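The residues making up each chain are set out below.
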Amino acid sequence: MSGPDLRGLIRDIPDFPKPGIVFKDITPLLLDPAATDAAVRRLADWARPRGVDFVVAAEARGFILGAALARELGVGFVPARKPGKLPSDTVSAEYILEYGIDALEVHADALADGARVLVHDDLLATGGTARALAELVEKLGGHVVGCAFLVELAFLGGRERLTGFDVEALVVYEAE
């Protein structure tokens, strides 16, 4: 496939945020307008046939391409935030982190019953965040039509947490 080398614009940051972790930094990709456009276009091309009504994305990095993806698709954008950050009535879903539990919230009136929703985040690792987003969509009566990511760390098995959903990732790392 032609276009910018997305993988080549993702840099490894060893031992961040803690020793033993190799952080996939998408900042160099975001600094390249052609690469950012290509990523958004490719995700939109995958999502378009699914008849998306809304893109729901997790804070903070999911917002970056999630909002651009919603605009490219001509659909609404639903921000999922950490607890206490949204000003109106919310619904929440918890997910497991390596050392505890976290949660995401969306406004209770964000999605109409039957809305077709694309779940987006910048990175699929263990799948906890994306699974929580899917649960939020379903709590509000929406239907998850797919889960789209810029990066997937396949060796962490996150795709298995999303069994039953169509999953797309533009850059897949099979091993650490």
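The structure contained in this document is the topic of the report that follows.

Analysis parameters
- Residues numbered from 1 in each chain as written.
- Predicted model: local features only at pLDDT ≥ 70, side-chain atom pairs only at ≥ 80, totals over all residues.
- Heavy atoms only, no water.
- 1 Å grid on protein atoms, 1.4 Å probe; cavity = no way out; pocket = protein on both sides within 12 Å on 5 of 7 lines; lining within 4 Å.
- Points joined across faces, edges and corners; volume = space filled by probe spheres on them.
- Helix = DSSP H or I, 4+ residues; strand = E, 2+ residues; numbered from the N terminus.
- Nonpolar A, V, L, I, M, F, W, Y, C, P; charged D, E, K, R; others polar.
- Buried < 20%, exposed > 50% of the residue type's maximum accessible area, 1.4 Å probe, protein only.
- Contact = heavy atoms within 4.5 Å.

## Considering the layout of surface pockets
At step 1: By volume, the largest pocket is sized at about 1100 Å³.
At step 2: Residue lining of the largest pocket: 37 residues in total, with R61, L123, A125, T126 and L156 positioned closest to the centre.
At step 3: Counting residues per element, the ones that place at least two in the lining of the largest pocket are strand 2 (22-25), helix 3 (61-73), strand 5 (90-97), strand 6 (100-107), strand 7 (116-124), helix 4 (128-139) and strand 8 (143-153).
At step 4: In terms of residues, the lining of the largest pocket owes the most to one element, strand 7, which gives four residues.
At step 5: Split by residue class, the lining of the largest pocket holds 20 nonpolar, six polar and eleven charged.

## Observations regarding the environment of A108
At step 1: Mapped onto the secondary structure, A108 falls in the loop between strand 6 and strand 7.
At step 2: Given the relative accessible area of 34%, A108 is considered partly exposed.
At step 3: Separated by 19 residues in sequence, A108 and D89 have C-alpha atoms that sit 5.6 Å apart.
At step 4: Look past the residues within four positions of A108 in its chain and what remains in contact with it is D89, T90, V91 and L140.

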